[in-house]
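Working through the structure, step by step
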Amino acid sequence: MSLIGKEIGDFSVQAYVDNDFKTITKNDVLGKWALFFFYPADFTFVCPTELEELAENYDAFKAENCEVYSVSCDTHFVHKAWHESSERISKVTYPMLADPAQVLARDFEVLIEKDGQAERGAFIVDPKGRIQVYEVTAGGIGRNAKELLRLVQASKFVAEHGDQVCPAQWTPGGETLKPSLDLVGQL
């Protein structure tokens, strides 16, 4: 069953952000675009490469009015310890959400019950709290922050221009399509 269009559930979780602990709720997410970036666990192997790449592209996400939230089932204390001990993770300035009760992992349907960890899932959520894009990959496959940024940009474009759609590899300023009877069989 698809999660496209699903409204995210209410939540209140602790986060490690700006060298401090902060409570993040669904209300904090509403009103702007959001990327929920689930990963299996802190102090692992593929995860720090992904979180570092997101950190390196964070300003571009913010320029799109999109907040990045990394999420694992670890606690906010573990996030702090990882941030302080890893050169890669020390670059992270976006909120690192702690989900030890697995509320978010369940709501986004990425919880691996037997392991108590999240799948490697990325979810683009619109300002109304509805999922517009998601992908889930196997644990050993890292994701591409620049592609996720492109998907945020395409999602925003389609939301703002409901009569146009974005073809494959579309980037801002690129040609879009306006679905019509005239295009049927012409592409």
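The residue numbering used here restarts from 1 in each chain and proceeds along that chain's sequence as written. It should be noted that, the model being predicted, local features are given only for residues of pLDDT at least 70 and side-chain atom pairs only at 80 or more, the latter also being counted only at that level, while totals for whole chains, interfaces and linings use all residues. Derived side-chain values reflect all non-hydrogen atoms in the structure, with water molecules and hydrogen atoms excluded from consideration.

The condition that has to hold: UniProt positions are given in the numbering used here, feature names are shortened, and annotations may be inferred rather than shown by experiment.
An unreviewed UniProt entry lists the protein under the name Alkyl hydroperoxide reductase C, with Atopobium deltae given as the organism. Taken from UniProt, the Function (unreviewed entry) comment for the protein reads in full: "Thiol-specific peroxidase that catalyzes the reduction of hydrogen peroxide and organic hydroperoxides to water and alcohols, respectively. Plays a role in cell protection against oxidative stress by detoxifying peroxides." Taken verbatim from the UniProt record of the protein, the Catalytic activity (unreviewed entry) comment is "a hydroperoxide + NADH + H(+) = an alcohol + NAD(+) + H2O".

1. Observations concerning the packing of aromatic side chains
Here is the rule: Note on aromatic pairs: the rings of Phe, Tyr and Trp (six-membered ring only in Trp) are paired at centre separations within 6.5 Å, and the planes decide the class, stacked below 30 degrees, edge-to-face beyond 60, tilted for the rest. Starting at the N terminus, helices and strands are each numbered in turn, a helix being any DSSP run of H or I of at least four residues and a strand any DSSP run of E of at least two. When a residue's accessible area, from a 1.4 Å probe over protein chains only, is under 20% of the maximum for its type it is buried; when over 50% it is exposed; and in between it is partly exposed.
Evaluated as defined, the whole model comprises 13 aromatic pairs. When the centroid spacing of 5.6 Å and the interplanar angle of 70° are considered together, the rings of Tyr 58 and Tyr 94 count as edge-to-face. In this pair, Tyr 58 is assigned in helix H3 (residues 58-63) and Tyr 94 in the loop between helix H4 (76-85) and strand E5 (96-98), connecting sequence segments 36 residues apart. Across the pair, Tyr 94 and Tyr 58 agree in class, each one buried.

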